[in-house]
Amino acid sequence: MENVDYPGRWKRCRAFMEAQDIDLLALTPGPNMTYMTGFLETPGERLLTALFPRDGEPRMVVPALYEEQVHREGWIGDVRAWKDGDDQAAFLLEQMSDAAGLVNVALDTRMWARFVLMFHRALPGALLQDAEGLMQELRIVKGPEEISILRRAHEATDRAMAAVVESLEEGQVERDVANTIRNALMAAGADAASFRPIAASGPNGSQPHYRFGDRVLRRGDAVVLDFGGMFAGYYTDVTRTVFLGKADDTQRKVYELVKEANERAVDAARAGTPAEEVDREARRVITDGGYGDHFIHRTGHGIGLEVHEEPYIVEGSKRPLEEGMAFSVEPGIYLPDRFGVRIENIVLVEDGRARRLDRYPRDLQVISS
Ligand code: ZN
Ligand code: ZN
């Protein structure tokens, strides 16, 4: 990624390692590796790791087929490549010869067991621990370069949402809507969908993570559309619920309640406010409206190089919100066998208060066909 101060990130990381007495950090392909090295890849069966010794310089151990790519995309100059057919564990052991005697070693939470075991054998006596706390702390506040990607990514996702809502009509199958979502995301510039899209119509909408199936969309359906894309490694995640042909009184009442919960929660999300207060605010609106038992998940989650990351907007999280945090506000009401409504915005804490990154309208929409 351009304009990223990777050595600056390594410096911050090293300070955290010192504070937590971690001698070595080992990362695996995924969000943490992308954050620290600039190299973006999905995990595979070949050993590929970035090593950050607190008292040394970072190095990467990679399969030979990635050597050029790691040099081009990443900033770490010390790249050690092994070839297919080599003994990966023995190669790692050689690269770790100067690490013998290290005590506290933090491994990427996403590292596969086979690689964890290689580290375990290469570093006898070391205390292996989960690097997740350290990495989430580094990533929880977004830098200016990350904010500009998230901003553009959500503008693009707005365009995708507009295209998807525009194309909705009775008689379509949920699966077709899911395909429209994927195509709209790609057309808007996404590298991939963030996750399997949700196009939940009618009674299917009462399952918050239902994806899509073969149900045919009918007049009077509430349709929950929840999707996002990956842009330069960063994710988007937005939800709107629209009605086909008509919306009855219950649907309207539920919709307005969810909308109010969303708005009150976004208003409550200020720098310094504990995350759980935002969840309480959304929950209060829905509970006062008589649907408290039907709001069956937390109000939100952080977003960035992962779709779900810190800070979580949930009861019990006393973590004060800070400038530069990005997270979802997504209250919902789910009525089994009937319908569901969710409205999800991604907000950024900026100048003390939460501002929405996605701007597609939230007003109740009945699509006529
Ligand atoms: Zn979502
Ligand atoms: Zn979400």
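Residues numbered from 1 in each chain as written. Chains lettered and ligands numbered in written order. Predicted model: local features only at pLDDT ≥ 70, side-chain atom pairs only at ≥ 80, totals over all residues. Heavy atoms only, no water.

A complete count under the given rule lists 33 salt bridges for this structure. A salt bridge links arginine 14 to glutamate 57; its shortest N-O distance comes to 3.8 Å. Of this pair, arginine 14 sits in helix H1 (residues 6-19) while glutamate 57 sits in the loop between strand S2 (49-53) and strand S3 (59-63), and the two are 43 residues apart along the sequence. Residue arginine 14 is classed as partly exposed on the basis of its relative accessible area, which comes to 21%. Arginine 355 serves as the salt-bridge partner of aspartate 351, at 3.9 Å between the closest nitrogen and oxygen. Since its relative accessible area comes to 31%, arginine 355 is described here as partly exposed. (Salt bridge = Lys/Arg side-chain N within 4 Å of Asp/Glu carboxyl O. Helix = DSSP H or I, 4+ residues; strand = E, 2+ residues; numbered from the N terminus. Buried < 20%, exposed > 50% of the residue type's maximum accessible area, 1.4 Å probe, protein only.)

Helix H6 (residues 132-139) packs onto H1 with a crossing angle of 140° between their chain directions and a minimal axis gap of 10 Å. Classified by the angle between their axes, H1 and H6 sit oblique to one another. Once H1 is placed against H6, the crossing between them reads as right-handed. For the pair formed by H1 and H6, the contact residues are Arg12, Cys13, Phe16 and Met17 on the first element and Leu134, Glu137 and Leu138 on the second. Class assignment for the residues of the contact of H1 with H6 results in five nonpolar, no polar and two charged. (Axes fitted to C-alpha atoms, helices over the stretch in contact; angles between N-to-C directions. Parallel < 35°, antiparallel > 145°, perpendicular 65-115°, else oblique. Left-handed = near helix turned anticlockwise from the far one by under 90°. Contact = heavy atoms within 4.5 Å. Nonpolar A, V, L, I, M, F, W, Y, C, P; charged D, E, K, R; others polar.)

Turning to its location among the elements, aspartate 78 is positioned in the loop between helix H3 (67-73) and strand S4 (79-82). A C-alpha to C-alpha distance of 37 Å links aspartate 78 and leucine 321, two positions 243 residues apart in sequence. Not counting residues within four places of it along the chain, the set of residues in contact with aspartate 78 comprises Pro58, Arg59 and Met60. Within the local environment of aspartate 78, its side chain forms a polar contact with the side chain of arginine 80, the two groups lying 3.0 Å apart. (Polar contact = N/O pair within 3.5 Å; in protein donor to acceptor, adjacent residues only side chain to side chain.)

The calculated volume of the largest pocket comes to roughly 310 Å³. As for the largest pocket, its lining consists of 17 residues, of which Gly30, Pro31, Arg110, Tyr235 and Leu305 are closest to the centre. Along the lines of polarity and charge, the residues of the lining of the largest pocket split into eight nonpolar, six polar and three charged. Both domain 1 (6-139) and domain 2 (144-367) contribute no fewer than three residues apiece to the lining of the largest pocket. The computed volume of the second largest pocket comes to approximately 240 Å³. Lining the second largest pocket we find 15 residues, and of these His209, Asp226, His301, His308 and Glu330 sit closest to its centre. Residue classes in the lining of the second largest pocket are distributed as four nonpolar, four polar and seven charged. (1 Å grid on protein atoms, 1.4 Å probe; cavity = no way out; pocket = protein on both sides within 12 Å on 5 of 7 lines; lining within 4 Å. Points joined across faces, edges and corners; volume = space filled by probe spheres on them. Domains from an automatic or database assignment.)

Another point: the side chain of aspartate 221. Within the secondary structure layout, aspartate 221 lies in the loop between strand S8 (198-201) and strand S9 (222-227). Setting aside chain neighbours within four positions, we find aspartate 221 in contact with Ser201, Gly202, Arg215, Val216, Val242, Phe243, Leu244 and Gln251.

A word on the packing of aromatic side chains. Counted by the stated rule, this structure contains four aromatic pairs. Ring centres of phenylalanine 243 and tyrosine 255 lie 5.8 Å apart, and the angle between their planes is 70°; this geometry places the pair in the edge-to-face category. With a gap of twelve residues between them, phenylalanine 243 in strand S12 (residues 238-244) and tyrosine 255 in helix H9 (residues 249-268) connect regions that are remote in the sequence. The class of tyrosine 255 is buried, set by a relative accessible area of 1%. (Phe/Tyr/Trp six-rings, centres within 6.5 Å; stacked < 30°, edge-to-face > 60°.)

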